[in-house]
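Structural description and commentary
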Amino acid sequence: KAGVTQTPRYLIKTRGQQVTLSCSPISGHRSVSWYQQTPGQGLQFLFEYFSETQRNKGNFPGRFSGRQFSNSRSEMNVSTLELGDSALYLCASSLSAVNTEAFFGQGTRLTVV
Amino acid sequence: AQTVTQSQPEMSVQEAETVTLSCTYDTSESDYYLFWYKQPPSRQMILVIRQEAYKQQNATENRFSVNFQKAAKSFSLKISDSQLGDAAMYFCAYRTPLGFGNEKLTFGTGTRLTIIP
């Protein structure tokens with residue numbers, strides 16, 4: 001069974017640009033969560049989707065958005081990139097909104113220059 | 001808001017020895033879940049062990065076990081017979097059950113574990 005797949009693995013963008021990151025959950029998993037990991041702030045929750053609906057959102061500006069498709073794949077978008085958005089973005093999937101065991105992908109390393 | 005504290009930024013242990021990583025948390029909830037995740041240099045977060053707060057028995061997974069002290073809000077991870085492959089960042093995490101309105105994982109700042117051959 002394939003694990004959580006995040007694409008791309010690495011990304012370099014310029015300030016002011018926008019970026020879209022993709023996450024394919026484990027087959028059959030319907031819940032997808034996104035986290036931002038930085039050396040200064042650690043791991044911070046961005047948002048969680050279940051059955052195409054955003055159920056929870058972390059304390060991030062509106063430049064950060066996401067969506068989930070009918071096949072449970074999820075994308076997150078960051079507009080008007082800032083240098084501080086440089087981070088490892090991790091996606092996690094779980095079987096359902098009830099099941100609390102989350103499986104993580106290898107992340108997308110975003111560098112904003 | 002729930003908080004998770006890992007007071008040991010770095011730890012080291014001789015191969016084959018035992019090491020304990022500390023974690024404390026703060027919550028007003030009575031029902032919740034606690035986890036230890038491992039993040040090796042590959043960056044992928046790997047679930048090591050989980051503990052349901054309503055269970056008094058400490059969770060065990062092979063060489064990994066926890067000491068869960070609910071009253072003290074303490075959740076330490078013991079790694080026995082340490083192996084080189086155990087070298088990684090270890091994160092303690094907390095999550096509320098479904099229905100509490102904010103079912104996210106709250107992570108500690110991590111402990112970097114080095115295994116000395």
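Below you will find a few notes about this structure. These numbers were taken from a predicted model, which means no experiment stands behind them.

Moving on, we get to the overall build of chain A. Scanning chain A from terminus to terminus reveals zero helices and 11 strands. Counted from the first residue to the last, chain A has its helices and strands arranged as β-β-β-β-β-β-β-β-β-β-β. In summary, chain A has a C-alpha radius of gyration of 13 Å against a globular reference of 13 Å for 113 residues, a match within 12%. Taken over the C-alpha atoms alone, chain A extends approximately 35 × 25 × 25 Å along its principal axes. Counting all 113 residues of chain A, 50% fall into the buried class. The long-range fraction of contacts in chain A, counting pairs at least 24 apart against all pairs at least 6 apart in sequence, stands at 53%. Carbon and sulfur atoms make up 48% of the accessible area of chain A, which totals about 5200 Å².

Before going further, it helps to spend a moment on the packing of aromatic side chains. The description of an aromatic ring pair rests on the distance of the ring centres and on the angle between the ring planes. Tallied over the entire structure, the rule returns 15 aromatic pairs over all chains. A centroid spacing of 5.6 Å and a plane angle of 90° characterise the contact between Tyr35 of chain A and Phe107 of chain B, whose relative ring orientation is edge-to-face. Of this pair, Tyr35 of chain A sits in strand E4 (residues 31–38) while Phe107 of chain B sits in strand E11 (residues 105–107), on two different chains. The residues Tyr35 of chain A and Phe107 of chain B share a single accessibility class, namely buried. With 5.3 Å between their ring centres and 85° between their planes, Phe104 of chain A and Tyr37 of chain B make a pair best called edge-to-face.

A few words now on the environment of Ser72 of chain A. Residues and elements named next belong to chain A. For Ser72, the location among the structural elements is in the loop between strand E7 (64–68) and strand E8 (74–78). Residue classification places Ser72 among the buried positions, given a relative accessible area of 12%. Each residue touching Ser72, except ones within four places of it in the same chain, is listed here: Pro25, His29, Arg30 and Val32.

All names here are of chain B. Tracing the chain through its elements places Thr20 in strand E3 (residues 19–21). A relative accessible area of 36% places Thr20 in the partly exposed class. Excluding its chain neighbours within four sequence positions, the residues that come into contact with Thr20 are Gln8, Met11, Ser76, Leu77 and Lys78.

Right, let's get into the pairing of strand E6 (residues 46–52) of chain B. Residues and elements named next belong to chain B. With six bridges connecting them, strand E5 (residues 33–39) and E6 associate as antiparallel partners. Following the sheet pairing, Tyr33 is matched in E6 by Glu52. Linking E5 to E6, which pair antiparallel, is a turn of six residues; within it Arg43 sits at a positive phi near 80°.

Attention shifts here to the nonpolar core. Generally speaking, nonpolar side chains in soluble globular proteins are found buried as a group. Ranked by size, the top nonpolar core spans 25 residues in total, and within it Tyr25, Trp36, Phe75, Leu77 and Tyr90 of chain B carry the most contacts. At the level of secondary structure, the elements contributing two or more residues to this core comprise E3, E5, E6, strand E8 (64–69), strand E9 (74–79), strand E10 (88–95) and strand E12 (111–116) of chain B. When residues of this core are assigned to their parent elements, the largest contribution, four residues, is made by E10 of chain B. Aside from chain neighbours lying at most four places away, what touches Leu77 of chain B is Val19, Thr20, Leu21, Trp36, Val48, Ile49, Phe64, Ser65, Val66 and Tyr90 of chain B. Residues Val32, Phe60, Val78 and Leu81 of chain A belong to the second largest nonpolar core, which totals 21 residues.

Attention shifts here to the sheet that holds strand E1 (residues 5–7) of chain A. Sheets are built from strands paired through backbone hydrogen bonds, the pairs being either parallel or antiparallel. Residues and elements named next belong to chain A. Taking strand neighbours across the sheet as the criterion, the four strands line up as E1-E3-E8-E7 in an open arrangement whose pairing is antiparallel. The open sheet terminates on both sides in strands that have one partner only, identified here as E1 and E7. Neighbouring strand axes in the sheet, compared pairwise and without regard to direction, differ in orientation by 15° on average. Here E7 pairs with E8 via five bridges, running antiparallel. Bridge pairing in E8 places Gln68 opposite Ser74.

Rules used throughout
Residues numbered from 1 in each chain as written. Chains lettered and ligands numbered in written order. Predicted model: local features only at pLDDT ≥ 70, side-chain atom pairs only at ≥ 80, totals over all residues. Heavy atoms only, no water. Helix = DSSP H or I, 4+ residues; strand = E, 2+ residues; numbered from the N terminus. Rg over C-alpha atoms; globule rule 2.2 N^0.38 Å. Buried < 20%, exposed > 50% of the residue type's maximum accessible area, 1.4 Å probe, protein only. Contact = heavy atoms within 4.5 Å. Areas by Shrake-Rupley, 256 points an atom, 1.4 Å probe, with all protein chains shown as cover. Phe/Tyr/Trp six-rings, centres within 6.5 Å; stacked < 30°, edge-to-face > 60°. Pairing = 2+ DSSP bridges. Core = buried A, V, L, I, M, F, W, Y, C linked by side-chain atoms within 4.5 Å. Axes fitted to C-alpha atoms, helices over the stretch in contact; angles between N-to-C directions.

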